[in-house]
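Spelled out, the chains give:
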Amino acid sequence: MNTVSSARSTSNFGVNDRWLFAGLLLLLFWAPLPLGSNRTWAVGVLVLWSQVLLFGAMFAWRHAADAAFARLTLFKWPVLLLGLFAALPWIQLLPLPAGVLAVVSPEALRVEQGISALQLSLDTFQTQIYAALSFAYFSCFIVALLTVRDDQRLDFMALAIVCAGLFQAVIGVLLFSVGATYRVFFFDIAHTRLFGTFGYHNHFAGYMELCLSVGIGLMLARLGTEPGQRGNWRHKLVKVFDFILSPKMRLRMMLVIMVIALVLTRSRMGNAGFFAAMLIVGLLTIVLSRKLSPATIGLIASLVVIDVLVIGSWVGLEKVVNRVRETAIVQEIGAKEESVELRTDVARHAAEIVPDFPVFGTGAGSFYNTYLRYRTPRESYWDHAHNDYVELAADNGLLGLGILGGFVLLTAAVAVKILLRRRSSLPRGIAFGSLMTIVALAIHSTVDFNLQLPANALLLVLVMAMAWLASELPGGGTASGGKERRSSSSRGKSTYRSGMQGVA
């Protein structure tokens, strides 16, 4: 107990891991570049990079193993749940006796009848890739928990995510403006809509949802929680000009550019998920906050009014609305755009896999091949279910879906708890951003497969790690009675502001 208390109150431990933190942030910039890391060689780079970070963390903490264990103990439940999900594909690859397989997955035994090596997975190659990726996500989650130990690093990590999103948005706008058409990694790309360095506009929209959500949370953290000062019109005018010339305005402009990029993707559920999440989490924050500064309310209102009505109308939000009404398949260069109705049909047929393989699924990543048994004769070939819930249940079984769902729900609960109990601006801002990412992708995942893309899945895992890190920030913890100690909160705020001067 004393060790855990020490881990909660101490943020340094005498460990020099700045290079690990820098490597983690560089990975966030790299992952989206090669088509969202959606190629086998790119997956290899991501996995290798994550293992270098993990072994680097073990080396950096070699003289403080007890402190590292104590720190991870603070996050035992998310570590346990994410670790179990990462271990599941390896279990699916284990060779099993026919008698055991007949009990745990009788349909898998029937399919693999006559094969010498019986396994839960029906596609061992894809499951091996998925197993490596899952462990890479878990490794980065652990590295984030160990390296991000104070408010300055947490803030800088959030800012790095926003900058990565801005980088993708600018690249996307430039390529879209010239109508670039090219072939990369044996994949034909035509920028008839905006999708940055990704190969699919809905994946880029999911990435923008994640980066925008973190950016909005960071903007709320920048505003702070102090009530607005009253004064005459001159004083208020000076405050307005101070805001225009401040780093907050630069951050606000970054968010505006990313909103433009999101709208130009013409992704129906990407835009719907983002704007719905912004409204839901914004209203929830107002309800949970007993005292909310006028600046915070003004920011949430401006996000809705300016981003949705003004910017959305300017860059063509009505085209997104019109696409919602369309049902025809539109043939584009190198790809097909599917209607929501068609994707729903695929998900419905794919759901038939779950009753046949209810516990462990057909094997992580195996949907690519197993769906061939369940599609209709006239149906086109689909490599994903266009519904993350259905695909996760089909590939990993209800066991895997339940474990991952528990991890996500527990993270959302922690974010809500921070919004309800904490008064420090940074934890609340990070919690807002993390909760908004969860809600946005929860909506978007009903018709798309963002969780199957390595770049988006990695970013989502790290954003959820930030929620847990915010809950254990030193100098801003919650006392047993649910109220923060005033002295600790004051120290936390002063430390955060001093850190912001260096970052912004």
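The following refers to the structure shown. Keep in mind that this is a model prediction, so the values were computed, not measured. (Residues numbered from 1 in each chain as written. Predicted model: local features only at pLDDT ≥ 70, side-chain atom pairs only at ≥ 80, totals over all residues. Heavy atoms only, no water.)

### Points about unusual backbone geometry
And step 1. Of note in this structure, Arg266 is not a glycine but carries a positive phi near 60 degrees.
And step 2. Relative to the helices and strands, Arg266 resides in the loop between helix H12 (247-264) and helix H13 (268-288).
And step 3. Positive phi is not limited to glycine here, since His386 has a value of about 55 degrees.
And step 4. You can see His386 is positioned in the loop between helix H18 (367-370) and helix H19 (388-421).
And step 5. The buried category is assigned to His386, whose relative accessible area is 4%. (Helix = DSSP H or I, 4+ residues; strand = E, 2+ residues; numbered from the N terminus. Buried < 20%, exposed > 50% of the residue type's maximum accessible area, 1.4 Å probe, protein only.)

### Quick notes on the side chain of Thr362
And step 1. In this structure, Thr362 sits in the loop between helix H17 (353-356) and H18.
And step 2. The residues touching Thr362, leaving out its near neighbours within four places in the chain, are Leu120, Ser121, Leu122, Asp123, Ile353, Phe357, Thr370, Ala394 and Asp395. (Contact = heavy atoms within 4.5 Å.)

### Regarding the packing of helix H9 (residues 151-177) against H12
And step 1. Where H9 contacts H12, the axes come no closer than 9 Å and their chain directions differ by 50 degrees. With respect to H12, the element H9 is oriented oblique. Taken as a pair, H9 and H12 cross one another with a handedness that is left-handed. Residues Val162, Cys163, Gly165, Leu166, Ala169 and Phe176 of H9 touch H12, and the partners they reach there are Leu251, Met254, Ile257, Met258, Ala261 and Leu264.
And step 2. Of the residues in the contact of H9 with H12, the class split is 11 nonpolar, 1 polar and no charged. (Axes fitted to C-alpha atoms, helices over the stretch in contact; angles between N-to-C directions. Parallel < 35°, antiparallel > 145°, perpendicular 65-115°, else oblique. Left-handed = near helix turned anticlockwise from the far one by under 90°. Nonpolar A, V, L, I, M, F, W, Y, C, P; charged D, E, K, R; others polar.)

### Considering the state of the cysteines
And step 1. Within this structure, the stated rule accounts for 0 disulfides.
And step 2. No disulfide involves Cys163; its sulfur sits 9.9 Å from the nearest other cysteine sulfur, which is in Cys211. (Disulfide = S-S within 2.5 Å.)

### Remarks on the packing of aromatic side chains
And step 1. Scanning all chains against the criterion turns up 9 aromatic pairs.
And step 2. A centroid spacing of 5.8 Å and a plane angle of 65 degrees characterise the contact between Phe198 and Phe204, whose relative ring orientation is edge-to-face. A single burial state applies to Phe198 and to Phe204, both of which are buried.
And step 3. One aromatic cluster is present, built from ring pairs that chain together Phe198, Phe204 and Tyr207.
And step 4. Positioned above the aromatic ring of Phe59, the side-chain terminus of Arg62 is 3.9 Å from the ring centre. (Phe/Tyr/Trp six-rings, centres within 6.5 Å; stacked < 30°, edge-to-face > 60°. Lys NZ or Arg CZ within 6 Å of the ring centre and 35° of its normal.)

### Some details on a nonpolar patch on the surface
And step 1. Taken together, the side chains of Trp77, Leu80, Leu84 and Leu410 make up a nonpolar region of the molecular surface, amounting to roughly 370 Å² of accessible area.
And step 2. Of the residues forming the nonpolar patch, the biggest block, 3 residues, is contributed by helix H5 (residues 76-92).
And step 3. Here Trp77 shows up in helix H5. (Patch = residues over 30% accessible without salt bridge, like charges linked within 9 Å, V, L, I, M, F, W, Y side chains within 5 Å. Areas by Shrake-Rupley, 256 points an atom, 1.4 Å probe, with all protein chains shown as cover. Salt bridge = Lys/Arg side-chain N within 4 Å of Asp/Glu carboxyl O.)

### Re the pattern of salt bridges
Note on pairing: side chains with opposite charge can pair once their charged atoms come close.
And step 1. By the definition in use, this model includes 7 salt bridges.
And step 2. For Arg153, the salt bridge is made with Asp17, and the minimal N-O distance between the two is 2.9 Å. One end of the pair, Arg153, is in helix H9; the other, Asp17, is in the loop between helix H1 (2-9) and helix H2 (18-30), and 136 residues separate them in sequence.
And step 3. Classification of Arg153 by relative accessible area gives buried; the value is 14%.
And step 4. With a relative accessible area of 0%, Asp17 lands in the buried category.
And step 5. When the shortest N-O distance is used, the salt bridge between Asp155 and Arg222 registers 2.6 Å. Pair noted here: Asp155 is in helix H9 and Arg222 is in helix H10 (residues 201-223), with a separation of 67 residues, a long-range link. Like Asp155, the residue Arg222 is buried in the burial classification.
And step 6. Bridged by salt links that share partners, the residues Asp17, Arg149 and Arg153 form one connected network.

### Topic: H5
And step 1. The end-to-end C-alpha distance of H5, which contains 17 residues, comes to 24 Å, matching closely the 24 Å that a straight helix rising 1.5 Å per residue would cover.
And step 2. Among the residues of H5, Pro78, Val79, Leu81, Leu82, Phe85, Ala86, Leu88, Pro89 and Gln92 are the ones counted as buried.
And step 3. Taken together, the buried residues of H5 touch helix H4 (65-73), helix H8 (124-147), H19 and helix H21 (454-471). (Expected span 1.5 Å × (residues − 1).)

### Comments concerning the pairing of strand S1 (residues 181-184)
And step 1. In this structure, S1 lies alongside strand S2 (residues 187-190), joined through 4 bridges in antiparallel fashion. Bridge assignment links Thr181 to a residue of S2, and that residue is Ala190. (Pairing = 2+ DSSP bridges.)

### Structural notes on the nonpolar core
And step 1. Grouped together as the largest cluster of nonpolar side chains are 124 residues, with contacts concentrated most on Phe141, Leu154 and Phe274.
And step 2. The contact partners of Leu154, leaving out residues within four places of it in the chain, are Val148, Leu426, Ile430, Met466, Leu469, Ala470 and Leu473.
And step 3. Counting residues in each nonpolar core, the second largest holds 19 residues, with Ala108, Val346, Ile353 and Phe367 among its members. (Core = buried A, V, L, I, M, F, W, Y, C linked by side-chain atoms within 4.5 Å.)

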